[in-house]
Amino acid sequence: MAKNKNVNEMSFLDHLEELRWLLIRSTLAIVIASTVAFFFSDFIFDKIIFGPKDPNFITYRWFCEVSKFFGSTGEGFCDYKINFDVQSRVMSGQFNAHIWTSITAGFILAFPFILWECWKFISPALYDKEKKNAKLFLAVASFLFFLGVLFGYFIITPLSINFLAGYQVSTQIHNDIDLDSYISLIRSTTLSCGLVFELPIVMFFLSKLGLITPTFLRKYRKYAIVIILIIAAIVTPPDVVSQIIVTIPLLILYELSIFISGWVLKNKLKNEQSS
């Protein structure tokens, strides 16, 4: 199957021009989505940002029930108490928090459009058959990203807040958390989880380029498991149930990456034999 011939006709400067417009359109999409989010600040801050600070947050209630089901006491979740206050310590603190939170929300909302723009940029270098999978790529990549964001917000963020808020080196110290520090934790956690959940997509393209093979991923699986367990132990309180809940999705992502890499390699070998 022949590739799009336009890729051979485009010069380096033409590619740079396409990239420039990709960045412009993506930035414009983020700005529009951020503007919409800016006017929903009451909901975003009261219900979303400060949701994990509420002892009745759905995650704490769910972890409490799950811990009890497995015979654990559920300590740290069933009796979760707020022992810190969030404060703005600089004059422009709340305004800056409003702006950057809106931009973060705008990026999350505009992510499918950004993916579409990236797909259009790389599509001239793909086979015609691969171009037909654009909708599938957009749907899967967007689903994984939003799933990661939800996982980061409903699982990792509450666990981190629960652990850090309850960590105490001395009873003489009272936690007065800066607004920027609190929001930064939520922002970095949700976005990083969203990007981590794109691992199968990244592995797909790395396998297409021949940089990753299923043999390589299987060889280093035990090291990956150790790293995942360490991450789960760090972000969760000393509760086995919580660590298992965090570990399982990450292990599934890694195994899915091995499967995808094997599928890509199999198709690549099939195409080479038929040509």
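What you see as residue numbers is a count from 1 along each chain, following the sequence as written. With the structure being a predicted model, the display of local features is reserved for residues of pLDDT at least 70 and the display and counting of side-chain atom pairs for 80 or more, all residues being used for whole-chain, interface and lining totals. Side-chain metrics in this entry use all non-hydrogen atoms of the structure; hydrogen atoms and water are not considered.

Visitor: Could you clarify how one ought to interpret the overall build of the chain in this entry?
Guide: Helices and strands together make up the secondary structure of the chain, namely 12 helices and 2 strands. For helices the rule is a DSSP run of H or I covering at least 4 residues; for strands it is a run of E covering at least 2, with both sets numbered from the N terminus onward. Along the chain, helices and strands appear, N-terminal first, in the series α-α-α-α-β-α-α-α-β-α-α-α-α-α. Contacts were defined at the residue level, with two residues in contact if any of their heavy atoms lie within 4.5 Å. Taking the intrachain contacts of the chain between residues at least 6 apart in sequence as the baseline, contacts between residues at least 24 apart amount to 82%. As presented, the chain carries roughly 17,000 Å² of accessible surface, and 67% of it is formed by carbon and sulfur atoms. Only the protein chains shown count as covering a residue, and every accessible area follows the Shrake-Rupley method with a 1.4 Å probe.

Visitor: Even after reading the chapter, I still don't get the UniProt feature "transmembrane region" (unreviewed entry) in the chain, so can you show me in this structure?
Guide: UniProt positions are given in the numbering used here, feature names are shortened, and annotations may be inferred rather than shown by experiment. As annotated in UniProt, the feature "transmembrane region" (unreviewed entry) corresponds to residues 21–45, 97–116, 136–156, 189–211, 223–238 and 244–265 in the numbering used here. Taken end to end, residues 21–45 has its terminal C-alpha atoms 33 Å apart, with 92% of it in helix and 0% in strand. Secondary structure content for residues 136–156 is 100% helix and 0% strand, while the C-alpha to C-alpha distance between its ends is 28 Å.

Visitor: Where do I start with the pattern of salt bridges in this structure?
Guide: In a structure, side chains of opposite charge can pair up when their charged atoms sit close to one another. We count a salt bridge whenever a side-chain nitrogen from Lys or Arg sits within 4 Å of a carboxyl oxygen from Asp or Glu. This structure, assessed with the given rule, holds 4 salt bridges. One salt bridge in this structure joins arginine 20 and glutamate 17, with 2.9 Å as the shortest N-O distance. You can see arginine 20 and its partner glutamate 17 sitting in helix H2 (residues 12–38), 3 residues apart, about one turn around the helix. For glutamate 17, a relative accessible area of 34% gives the class partly exposed. Beyond isolated ion pairs, a larger network of salt bridges with shared partners links Arg25, Glu117 and Lys120. Residue exposure (1.4 Å probe, protein chains only): buried if accessible area is under 20% of the type maximum, exposed if over 50%, otherwise partly exposed.

Visitor: How do you make sense of the environment of glycine 106 when you look at a structure like this?
Guide: Counting through the fold element by element, glycine 106 comes out in helix H5 (residues 93–122). On the basis of relative accessibility, which here comes to 0%, the residue glycine 106 falls in the buried class. Considered as a pair, glycine 106 and isoleucine 32 are 74 residues apart in the sequence and their alpha carbons are 7.4 Å apart. Contact partners of glycine 106, with chain neighbours within four places excluded, come to Ile30, Ala33 and Ser34.

Visitor: Help me understand the environment of histidine 15, please; the structure alone is not making it clear to me.
Guide: Mapped onto the elements of the fold, histidine 15 is located in helix H2. On a C-alpha basis, the gap between histidine 15 and phenylalanine 121 in space is 8.5 Å, while along the polypeptide they are 106 residues apart.

Visitor: For this particular structure, what's the right way to read helix H3 (residues 41–49)?
Guide: Residues lying three or four places apart along an α-helix face the same way, a consequence of the helix completing one turn every 3.6 residues. For H3, the complete set of buried residues consists of Ser41, Ile44, Phe45 and Ile49. Taken around the axis of H3, the buried residues stretch over an arc of 85 degrees, which confines them to a single face. Those residues of H3 that are exposed and aimed more than 90 degrees away from the buried face are Asp42, Asp46 and Lys47. When we speak of the arc, we mean the arc of directions from the helix axis to the C-beta atoms.

Visitor: Is there a simple way to explain the side chain of threonine 157 in this structure?
Guide: Residue position: threonine 157 is located in helix H7 (residues 134–166). Aside from chain neighbours lying at most four places away, what touches threonine 157 is Pro52, Gly152, Ile186, Thr189 and Thr190.

Visitor: Explain the confidence of the model for the chain to me, please; I cannot follow it from the model alone.
Guide: Detailed conclusions should not be drawn from predicted coordinates in areas where pLDDT is low. One confidence number per residue, pLDDT, is output by the predictor and ranges from 0 to 100. Across the chain, pLDDT averages 83, with 86% of residues at or above 70. When pLDDT is averaged over each helix and strand of the chain, the minimum, 50, is found for helix H1 (residues 6–9) and the maximum, 94, for H3. Across residues 1–8 the pLDDT falls below 50, and counting only partners more than four positions away or on other chains, this stretch makes 12 contacts in the model.

Visitor: Got a minute to help me understand the packing of aromatic side chains in this structure?
Guide: Only centres within 6.5 Å qualify two rings of Phe, Tyr or Trp (six-membered ring in Trp) as a pair; their planes then separate them into stacked at under 30 degrees, edge-to-face at over 60, and tilted for everything else. Counted according to the given criterion, the structure contains 19 aromatic pairs. Note on tyrosine 220 and tyrosine 223: the rings are 5.8 Å apart at their centroids and 40 degrees apart in plane angle, and the pair reads as tilted. What makes tyrosine 220 partly exposed here is its relative accessible area of 34%. The partly exposed category is assigned to tyrosine 223, whose relative accessible area is 48%. Three or more aromatic residues joined by ring pairs make a cluster, and in this case those are Trp119, Phe137, Phe204, Phe205 and Trp263. In this scheme, the term charge over a ring applies when either NZ of a lysine or CZ of an arginine sits within 6 Å of the ring centre and within 35 degrees of the ring normal. Sitting above the plane of the phenylalanine 84 ring, lysine 53 keeps its charged end 5.2 Å from the centroid.

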